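Residue-level listing of the chains:
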Amino acid sequence: PLDTAEHPITAYLTRLLDEVSKQNDGAVADYIPELAKADPEDLAIAITTVDGQTYAVGTVDREFTIQSVSKPFMYGYALREHGLERVLKQVGVEPTGDPFNSIVLNNENNRPFNPMVNAGAIATSELLIGATREEKIAAQMDLYEGFAGRKLSVDQAVYASESETGNRNRAIAYMMLNSGMIEGPTEAVLDLYFRQCSILVNPIDLSVMAATLAAHGRNPLTGRVMLTPGQTSDVLSVMATCGMYDYAGQWMFDVGLPAKSGVAGSVVAVIPGQLGIAVYSPKLDAVGNSVRGIQVCKRISDDLGLHAYKDR
Ligand code: GLN
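Residues numbered from 1 in each chain as written. Predicted model: local features only at pLDDT ≥ 70, side-chain atom pairs only at ≥ 80, totals over all residues.

Considerations on the domain arrangement of the chain
Note the following rule: Segmentation of the chain into domains, including their bounds, is taken from an automatic or database domain assignment. The way it works is that DSSP assigns letters per residue, a run of H or I at least four long becomes a helix, a run of E at least two long becomes a strand, and they are numbered from the N terminus.
For the chain, the assigned domains read domain 1 (8-64 + 200-304) and domain 2 (68-197). Computed over C-alpha atoms only, the centres of domain 1 and domain 2 are separated by 21 Å. When residues of the side of domain 1 that touches domain 2 are traced back to their parent elements, those giving at least two are β5 (200-201), α9 (203-214), α10 (229-242), β6 (259-261) and β7 (266-271). Here the element with the most residues in the side of domain 1 that touches domain 2 is α10; it accounts for seven residues.

This is the structure we're talking about:
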């Protein structure tokens, strides 16, 4: 591989990192107690291209839990294994305009609005295939490892912390059980969801996962086909409209890229056909998006002319 240390892209990312590190707004998530232990000063930016070249700066070795960034990939799995028609029975594709942990289901059909918020992601977790819990967990790990191109593990402390304190997610799951959106048992579905959120990744993993979406479903490092181009564009469309929670509209307006954020402080953005971007910085704004993560993506989109609807 290319030596990226002296590359102009690395130099650009280093300058951007220096600038953005001056931004000190936001606070580390603490509603899952274990997440409060994150170092608020961590900051990393990683870019992986569709031909498998990675450029990364900052605290790139730091592992953190994937949280909601796991959601688009699990949605891709559901589309791949069950088909769109079946998946649409359980989760829609409409933005909520509500926070990520909103307990509101679509009034018309009791469906969760979309797979990027907790309700939709919990319903999607039930679509993992396997005769036993172990088989479902194996399918889950295979999915994320396939996208990241390496073996991954689960942060047991975060997993336990989510499970102990996740009563709002429990309430959401029971609402969906009540309306027949999930079959249950709810604790088994939630267990898979909490585990999915607690998978450990580093910024480079996330950039490879985003690059796999940019490469129409094929992992640029391993060549493994994770999704078809059609499934990939369905995932990207939902990321574009719903990936940044109740900030999704403003995000699309400003940055113009399909993206997903998670409460541990990561943001991924995808430039289809070109590259995946990942930023990690644990201080969040009121919506639950990484403050510096948003700033970095805005800058990259402006500087490189990546907004989907702006002339270059
Ligand atoms: N595990 C977190 C939760 O369910 C995920 C939320 C997020 O990253 N926005 O609350």
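Focus on the site of the ligand
Keep this limit in mind: The criterion for a residue being near a molecule or strand is a backbone-placed C-beta atom within 6 Å of that molecule or strand. Under the grouping applied here, Gly and all other residues not named as nonpolar or charged are polar, the nonpolar ones being Ala, Val, Leu, Ile, Met, Phe, Trp, Tyr, Cys and Pro and the charged ones Asp, Glu, Lys and Arg.
Lining the immediate surroundings of the ligand are Gln-67, Ser-68, Phe-100, Asn-101, Asn-118, Glu-162, Asn-169, Cys-197, Gly-262, Val-263 and Gly-288. Across the shell around the ligand, the residue classes break down as three nonpolar, seven polar and one charged. No fewer than three residues from each of domain 1 (8-64 + 200-304) and domain 2 (68-197) sit in the shell around the ligand.

Remarks on helix α12 (residues 291-304)
Formally: An expected span of 1.5 Å times one less than the residue number is assigned to each helix. Around each residue's C-beta, the other C-beta atoms within 10 Å are counted; 20 or more make the residue buried, 12 or fewer make it exposed, and counts in between make it partly exposed. All C-beta atoms are placed from the backbone. Each residue gets a C-beta atom placed from its backbone, and two residues are in contact if those atoms lie within 7 Å.
For α12, which comprises 14 residues, the first-to-last C-alpha distance of 20 Å matches the rise-based estimate of 20 Å (1.5 Å per residue) to within 8%. Among all positions of α12, only Val-291, Arg-292, Gly-293, Ile-294, Val-296, Cys-297, Ile-300 and Ser-301 are buried. Elements that come into contact with the buried residues of α12 comprise α1 (8-20), β2 (44-49), β6, β7, β8 (275-280) and β9 (283-284). Gly-305 sits one or two residues past α12 and shows a positive phi near 65°.

Regarding the environment of Glu-34
The topology assignment puts Glu-34 in the loop between β1 (27-28) and β2. For Glu-34, a count of 21 C-beta atoms within 10 Å gives the class buried. Taking the C-alpha atoms as reference points, Glu-34 and Glu-162, separated by 128 residues in sequence, lie 8.2 Å from one another. When neighbours within four sequence positions are excluded, Glu-34 is seen to be in contact with Ala-157, Val-158 and Ser-161.

Description of the environment of Ala-38
With respect to the element layout, Ala-38 can be found in the loop between β1 and β2. With 226 residues separating them in the primary sequence, Ala-38 and Ala-264 have C-alpha atoms 8.0 Å apart. The residues touching Ala-38, leaving out its near neighbours within four places in the chain, are Val-28, Phe-64, Ala-264, Gly-265 and Pro-282.

Section: the UniProt feature "binding site: substrate" (unreviewed entry) in the chain
Here is the rule: UniProt positions are given in the numbering used here, feature names are shortened, and annotations may be inferred rather than shown by experiment.
The feature "binding site: substrate" (unreviewed entry), as given by UniProt, occupies Ser-68, Asn-118, Glu-162, Asn-169, Tyr-193, Tyr-245 and Val-263 in the numbering adopted here. Counting through the fold element by element, Tyr-245 comes out in the loop between α10 and α11 (248-254). The contact partners of Tyr-245, leaving out residues within four places of it in the chain, are Pro-99, Phe-100, Val-117, Val-287 and Gly-288. Structurally, the position occupied by Val-263 is in the loop between β6 and β7. Taking the C-beta count within 10 Å as the criterion, Val-263 has 23 such neighbours and is therefore assigned buried. If we ignore the near neighbours within four places in the chain, the residues touching Val-263 are Ala-29, Leu-35, Gln-67, Ser-68, Leu-284 and Gly-288.

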